[in-house]
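These are the residues of each chain, in order.
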Number of protein chains: 4
Amino acid sequence: MAENEAPRSLKKSVYDVIFGTETPAGRWFDIGLIIVILASVGIIALDSVESIHDRFPGALYTAEWFFTALFTLEFLTRIWCSPNPRAYIFSFYGIVDLLSILPTYLGLILPNANNLVVIRILRVLRIFRILRLFRFINEANLLSRSLYASRRKIIVFMFGVASIIVIFGSLMYIVEGPVHGFSSLPRSIYWAIVTISTVGYGDITPQTSLGQAVAALAMITSYAIIAIPTGIISAEMMNEHQRMKSSRRCGNCERSGHETDADYCRHCGAQLPEEII
Amino acid sequence: MAENEAPRSLKKSVYDVIFGTETPAGRWFDIGLIIVILASVGIIALDSVESIHDRFPGALYTAEWFFTALFTLEFLTRIWCSPNPRAYIFSFYGIVDLLSILPTYLGLILPNANNLVVIRILRVLRIFRILRLFRFINEANLLSRSLYASRRKIIVFMFGVASIIVIFGSLMYIVEGPVHGFSSLPRSIYWAIVTISTVGYGDITPQTSLGQAVAALAMITSYAIIAIPTGIISAEMMNEHQRMKSSRRCGNCERSGHETDADYCRHCGAQLPEEII
Amino acid sequence: MAENEAPRSLKKSVYDVIFGTETPAGRWFDIGLIIVILASVGIIALDSVESIHDRFPGALYTAEWFFTALFTLEFLTRIWCSPNPRAYIFSFYGIVDLLSILPTYLGLILPNANNLVVIRILRVLRIFRILRLFRFINEANLLSRSLYASRRKIIVFMFGVASIIVIFGSLMYIVEGPVHGFSSLPRSIYWAIVTISTVGYGDITPQTSLGQAVAALAMITSYAIIAIPTGIISAEMMNEHQRMKSSRRCGNCERSGHETDADYCRHCGAQLPEEII
Amino acid sequence: MAENEAPRSLKKSVYDVIFGTETPAGRWFDIGLIIVILASVGIIALDSVESIHDRFPGALYTAEWFFTALFTLEFLTRIWCSPNPRAYIFSFYGIVDLLSILPTYLGLILPNANNLVVIRILRVLRIFRILRLFRFINEANLLSRSLYASRRKIIVFMFGVASIIVIFGSLMYIVEGPVHGFSSLPRSIYWAIVTISTVGYGDITPQTSLGQAVAALAMITSYAIIAIPTGIISAEMMNEHQRMKSSRRCGNCERSGHETDADYCRHCGAQLPEEII
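Residue numbers here run from 1 along each chain, matching the order of that chain's written sequence. A letter from A marks each chain and a number from 1 marks each ligand, given out in the order of writing. Local features in this predicted model are restricted to residues whose pLDDT is 70 or higher, and side-chain atom pairs enter the listing and the counts only when it is 80 or higher, whereas totals over whole chains, interfaces and linings include all residues. Excluded from the side-chain calculation are hydrogens and water; included are all heavy atoms of the structure.

Undergrad: I'm lost on the overall build of chain A in this one. Help?
TA: Put simply, DSSP marks the helices as runs of H or I at least four residues long and the strands as runs of E at least two long, and each gets a number from the N terminus on. Scanning chain A from N- to C-terminus turns up 11 helices and zero strands. When the helices and strands of chain A are read in sequence order from the N terminus, they spell out α-α-α-α-α-α-α-α-α-α-α. Buried residues are those whose accessible area, probed at 1.4 Å on protein chains only, stays under 20% of the maximum for their type, while exposed residues exceed 50% and partly exposed ones sit between those limits. Taken across its 277 residues, chain A has 47% of its residues classed as buried. Contacts are assigned to residue pairs with any non-hydrogen atoms lying within 4.5 Å of each other. Long-range contacts, defined as pairs at least 24 residues apart, comprise 53% of the intrachain contacts of chain A with a sequence gap of at least 6. When the accessible surface of chain A is summed, it comes to about 13400 Å², and 66% of that surface belongs to carbon and sulfur atoms. Each accessible area value is a Shrake-Rupley result obtained with a 1.4 Å probe; residue values ignore everything except the protein chains displayed when judging cover.

And the structure:
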């Protein structure tokens, strides 16, 4: 960017503010946008409470249109200033941005389309940009890299859990049967998921002694089950820690093995390079 | 196999397709079989929903017979092409395969045997073969080896948990008694399992102050309890990671200590051998 | 024992059988005793189910007296053959053994003392002897040593959890109040324990919006909370693993660092000493 | 303190007893204070149970005034003896101390202010001083340092969880709708928190098949979710262990790498310095 001698065009400046986070203006825009998104989500949440909806119908309707106008302006500006509008429009955030303004306009034509304004809530995903603003991006990367590195183990684990759930669900369907609330196989499998994940709503519970014995077995199995993903992720994170330690090298004495939060080399006292996680 | 000069017999070819996963045909057969199994399980699940069962009685009955015919054909082919049919028939999968077709035939003689068709769901266990297809077998091995290596610790843990459950269950039977739903000792122990595993259906809950105090103690105990299997498995997985690191050796410079996902030796740059997990 | 030339007295032999696990007879006695204990506990459990109790009143009463007679005989034999009867009688197991026979005799004098026969269930703790029989004692030691080593951290953790529970309980007592089931401070604290431990019976649930917000905060807090004991125990177990590795030394080449399940030295191939965990 | 030749003033002595834990008197004062606080909290808890409140109205009222008088005396003494009273009054504990006596006095003027006496429960936080008394401060520091070191990762994790919760909550609001208890968006989000945290009260449960499928997905997601904070904290604690090992150095032979619970150097046998955690 420094070598860009020509005066920066308005389009480029707007692009840097709206899409970038390096300039102060870009950072303030992102913070402002997140506040506006949270406000609009708050309005949608309030609007969904019947007593509030009935008390302030005008104010909430106005607010909905206000945010729709704002987001429409933002959407159009993004398309205008983007060097590759197609790429933006068909990106994940582009689709979310469009979906968040569409329902209000559709509500003018179709009577019930307004209800779909709830989709706007997907915009809260923009909040992940705040991680970039406050330099949490390293931690976010570490977490997602750990999850990514253990994805194959988690898939295998999910296969195993799915089999256990299907088998316990079928077993309970046979043992308890429709008279005790296990009215169909899908419902029994739903019960098995509720039980094995230790959520335990209690909307479907075993009534017979044999059913309670099978349920008890499922719960004890859930102990071993919950331990496995935790073990996978813990081991992967330990691994990441050690990898980071051995990969960061002092620029002065070339020695590695520094703590992940060290700022100075413990052998020669030279400043360590920023962690590149 | 390469030294087998004679033309391969039909029986051997069929065996390779049905039992093997090395040939493309064998892989496609497995994928097809898993799709058919999932479809048949889906039909059984739909059939168990009363409203669907009543709307399409003919179609579902036909589907049941269609899958039974298909699985019978598969079962007979497996017996025919297997070099050792006895071993197959009495293997775990052989028994599951037989049990999954028997109920439909029995339904012709006995009126209610059809309900046992749910047993067919056990065939979903064949889905584990898909792990072999998509090279997830290393991860599956690592997980099962970690579980196997910690089996003795988990057994000891289960002994401890069983004792705690029996004691809390008996205590609540004395404290709360039949009038508050703790109608028998087995039922109180069922309550203890539901509580200590943190499922918490709420179908049986302590009513007296003393009972609530005992229940609170049981829940606090459950904290320490849930931490133990997780700790066991985490430590075992870390161990596996380190073992793999130190056991993989560069073929060029003979040095070990490579990351588990490294492809090249970090000392001499030579390609590392495939991980043998 | 080998240097004991004199013929072993009957008392000593009986002692070795009843208290020891080194002789085959001692091992069989322990296995037999555990079976008898489990049977007697099973009878007590069945007796507590009203429908079974009413159907077989005579048989269950006979069984109770049969086990009482057997345990009385065992108790008296233990006292007789013990070199230090006082120590046995006032030991934990001695008191449990006495308590498990007393209620039946008291039932002859006091009408309702029979109900206390449930205390006999404490005898299941003898099942921990089975760990010694099947050489699980190393694993049991490792687990209890890990728990012991982390006891101080767990106590600190429990202090923190207790404070969080008391504060959330009080907060909900103020926010929701008696009209919504939070009828007293102890009951609100019971609710907080049920929630923070993620048991979640649902017998007391927040009804107001503010109460649900506070409850949501408590549940999110429970995430961080459940992670702490698991982290403590995982780290401690990893530590034990490493300690074991570095403490086991080959008797031939004096090198350490062997895997915990290794049987031969990886440097010289000599057999490694039994793990002394 | 040793060089303070002049006779210590009464103010200084009282300060050492009330604020310090180094002198025996200071320790006894803290223990006594904690007992009094627990007693006063016990009285408040009993008073909140309606049946007890109605039976002993006079005694409980007297007890409330007794503890208020005691705490007022303590509060005034702390102000008097503190070298910097302002700093104490506006410190966290100073505010808590004031809030814990205010409601009783306000009750003389305003009729319902007495109910606020529950605030006094915040004084249980003083119990953390007991950690200092019994030398648990090292463990408390290790735990809080681990939590502090992983704070950024936990914040990122919380962002992710919040997004998942908002999205599942909105989805269920659309899928199930007000007729099945998901009466508003905030209530649906409350349901999502109850489910994802595996508390599972069962006060709001999905009724439709599609809703149960979405809920099942949320529960399976909760598996991966619960594993992440545990992995973060486990890895951080392992790190702390290793850091402590490598940072403690024998004063005699200068070698490090000692177990965290070692008292003597394993290389030369010299006594190791106290762990400075």
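So much for the structure itself; the text now carries on.
Undergrad: Even after reading the chapter, I still don't get the interface of chain A and chain D, so can you show me in this structure?
TA: When the parts come together, some accessible area is lost, and that loss is often what is quoted as the size of the interface. The interface is formed by 48 residues belonging to chain A together with 46 residues belonging to chain D. We define buried area as the total accessible area lost by two parts upon association, computed with a 1.4 Å probe and summed across both. Both faces considered, chain A and chain D share a buried interface measuring about 4100 Å² in area, 73% of it formed by carbon and sulfur atoms. Between Lys or Arg on one side and Asp or Glu on the other, a salt bridge is scored when a side-chain nitrogen of the former is within 4 Å of a carboxyl oxygen of the latter. Run the count over chain A and chain D and you get one salt bridge. We note a salt bridge from Glu139 of chain A to Arg152 of chain D, for which the minimum N-O separation is 3.2 Å. Definition of a polar contact: a pair of N or O atoms within 3.5 Å, with one able to donate and the other able to accept a hydrogen when the atoms are protein atoms, and with sequence-neighbouring residues admitted only if both atoms are side-chain atoms. If you look at where chain A meets chain D, you find five residue pairs in polar contact (both at pLDDT 80 or more). Of all the elements in the fold, those that place two or more residues in the side of chain A that touches chain D are α2 (24-48), α7 (129-133), α8 (137-149), α9 (151-175), α10 (185-196) and α11 (209-247) of chain A.

Undergrad: It is not clear to me how the relation of the copies chain A and chain D should be interpreted in this structure. Could you clarify?
TA: Between the two copies of the chain lies a relationship made up of a rotation around an axis and a movement along it. All copies are superposed by least squares; the fitting set is the C-alpha atoms of residues with a pLDDT of at least 70 in both. Between chain A and chain D, the superposition needs a rotation of 90° and an axial shift of 0.0 Å, giving an RMSD of 0.1 Å. As the rotation angle and translation indicate, the two copies are arranged about a four-fold axis. The two copies present different faces, since only 19% of the interface residues in chain A are matched by interface residues at the equivalent positions in chain D.

Undergrad: Would you take a moment to explain the relation of the copies chain C and chain D for this structure?
TA: The two copies are related by a screw operation: chain C maps onto chain D through 90° of rotation and 0.0 Å of translation along the axis, at an RMSD of 0.1 Å. Here only 20% of the contact residues of chain C are again contact residues in chain D; the copies associate through non-equivalent surfaces.

Undergrad: Quick question: what am I supposed to make of a nonpolar patch on the surface here?
TA: Residue and element names in this part refer to chain A. Patch building starts from residues that exceed 30% relative accessible area and form no salt bridge, then joins like charges within 9 Å and nonpolar side chains (Val, Leu, Ile, Met, Phe, Trp, Tyr) within 5 Å. Together, Tyr61, Ile95, Leu98, Leu99, Leu102, Tyr105, Leu106, Leu108, Ile109 and Leu110 make up a nonpolar patch on the protein surface, roughly 890 Å² of accessible area in all. Here the nonpolar patch takes eight residues from helix α6 (residues 92-109), the largest share from any one element. On the secondary structure map, Leu102 appears in helix α6.

Undergrad: In this structure, what is going on with the interface of chain C and chain D? I would like to understand it.
TA: Across the boundary between the two partners, chain C contributes 46 residues, which contact 48 residues of chain D. Between chain C and chain D, a total of about 4100 Å² is buried, with carbon and sulfur atoms accounting for 72% of that surface. Considering only the surface of chain C that becomes buried against chain D, Arg152, Met219 and Tyr223 of chain C emerge as the three largest contributors, covering 18% of it. Taken together, the links from chain C to chain D amount to one salt bridge. The interface formed by chain C and chain D contains five residue pairs in polar contact (both at pLDDT 80 or more). For the side of chain C that touches chain D, the secondary structure elements donating two or more residues are α9 (151-175), α10 (185-196) and α11 (209-247) of chain C. The greatest single-element share of the side of chain C that touches chain D, amounting to 19 residues, is contributed by α11 of chain C.

Undergrad: Got a minute to help me understand the packing of aromatic side chains in this structure?
TA: Aromatic ring pairs are described here by two measures, namely the spacing of the ring centres and the angle between the planes. Note on aromatic contacts: the rings of Phe and Tyr and the six-membered ring of Trp form a pair at centre separations within 6.5 Å, being stacked when their planes are under 30 degrees apart, edge-to-face when over 60 apart, and tilted otherwise. In total, this model carries 36 aromatic pairs over all chains according to the counting rule given. An angle of 50° between the planes, with centres 6.0 Å apart, marks the rings of Phe75 of chain B and Tyr88 of chain B as tilted. One end of the pair, Phe75 of chain B, is in helix α4 (residues 57-81); the other, Tyr88 of chain B, is in helix α5 (residues 85-89), and 13 residues separate them in sequence. Given a relative accessible area of 8%, Phe75 of chain B falls into the buried group. A connected cluster of aromatic rings, assembled from ring pairs, spans Tyr15, Phe19, Phe75 and Tyr88 of chain A. Criterion for a charge above a ring: Lys NZ or Arg CZ within 6 Å of the ring centre, and within 35 degrees of the ring normal. Here the guanidinium or amino end of Arg151 of chain A rests over the ring plane of Tyr148 of chain A, the centre of that ring lying 4.0 Å away.

Undergrad: Help me understand the pattern of salt bridges in this model?
TA: Any two side chains of opposite charge can pair, on the condition that their charged atoms come close. The final tally for this structure, using the stated rule, is 28 salt bridges over all chains. For Glu236 of chain D, the salt bridge goes to Lys153 of chain D, with nearest N and O atoms at 3.6 Å. In this pair, Glu236 of chain D sits in helix α11 (residues 209-247) while Lys153 of chain D sits in helix α9 (residues 151-175), placing the two residues 83 residues apart along the sequence. The exposure classification of Glu236 of chain D matches that of Lys153 of chain D, with both residues buried. Taken together, the salt bridges that share partners define one network made up of Glu74, Arg78, Asp97 and Arg123 of chain A.

Undergrad: I keep staring at helix α2 (residues 24-48) of chain D and nothing clicks. Help me out?
TA: Three or four residues apart is the spacing at which side chains of an α-helix point the same way, because the helix has 3.6 residues per turn. Here α2 of chain D is 25 residues long and its end C-alpha atoms lie 36 Å apart, about the 36 Å a rise of 1.5 Å per residue gives. Of the positions making up α2 of chain D, those classed as buried are Gly26, Asp30, Leu33, Ile34, Ile37, Ser40, Val41, Ile44, Ala45 and Ser48 of chain D. Expected span, for any helix, means 1.5 Å times one less than how many residues it has.

Undergrad: Hey, could you run me through the confidence of the model for chain A in this one?
TA: The predicted coordinates of low-pLDDT regions are not to be read in fine detail. Residues and elements named next belong to chain A. Scored from 0 to 100, pLDDT reflects the predictor's confidence in each residue. Predicted confidence across chain A gives a mean pLDDT of 82, with 84% of residues reaching 70 or more. Mean pLDDT values over the elements of chain A span from 70, in α7, up to 93, in α10. In the model, residues 1-6 has pLDDT below 50 throughout and makes zero contacts with residues more than four positions away in sequence or in other chains.

Undergrad: Which parts of the structure should I look at to understand the packing of helix α9 (residues 151-175) of chain B against helix α8 (residues 137-149) of chain C?
TA: Two quantities define a packed helix pair, namely the angle between the helix axes and the distance between the axes. Between α9 of chain B and α8 of chain C, the least distance of the axes is 9 Å, while the angle of their chain directions is 70°. One element, α9 of chain B, and the other, α8 of chain C, form an angle in the roughly perpendicular class. Residues Arg152, Lys153, Val156 and Phe157 of chain B of α9 of chain B lie in contact with α8 of chain C, whose contacting residues are Glu139, Ala140, Leu142 and Leu143 of chain C. Considered class by class, the residues forming the contact of α9 of chain B with α8 of chain C number five nonpolar, no polar and three charged. Orientation is described by lines fitted to C-alpha atoms, with helices fitted over the stretch in contact, and by angles between N-to-C directions that extend from 0 to 180 degrees. Note that the term roughly parallel is reserved for angles under 35 degrees, roughly antiparallel for angles over 145, roughly perpendicular for angles of 65 to 115, and oblique for everything else. In this classification, Asp, Glu, Lys and Arg are treated as charged, Ala, Val, Leu, Ile, Met, Phe, Trp, Tyr, Cys and Pro as nonpolar, and every other residue, Gly included, as polar.

Undergrad: Would you explain the environment of Val175 of chain C in this entry?
TA: Residues and elements named next belong to chain C. Counting through the fold element by element, Val175 comes out in helix α9. Along the backbone, Val175 and Leu210 are 35 residues apart, and their C-alpha atoms lie at a distance of 7.1 Å. Here Val175 is in contact with Thr208, Leu210, Gly211 and Val214, once residues within four sequence places are set aside.

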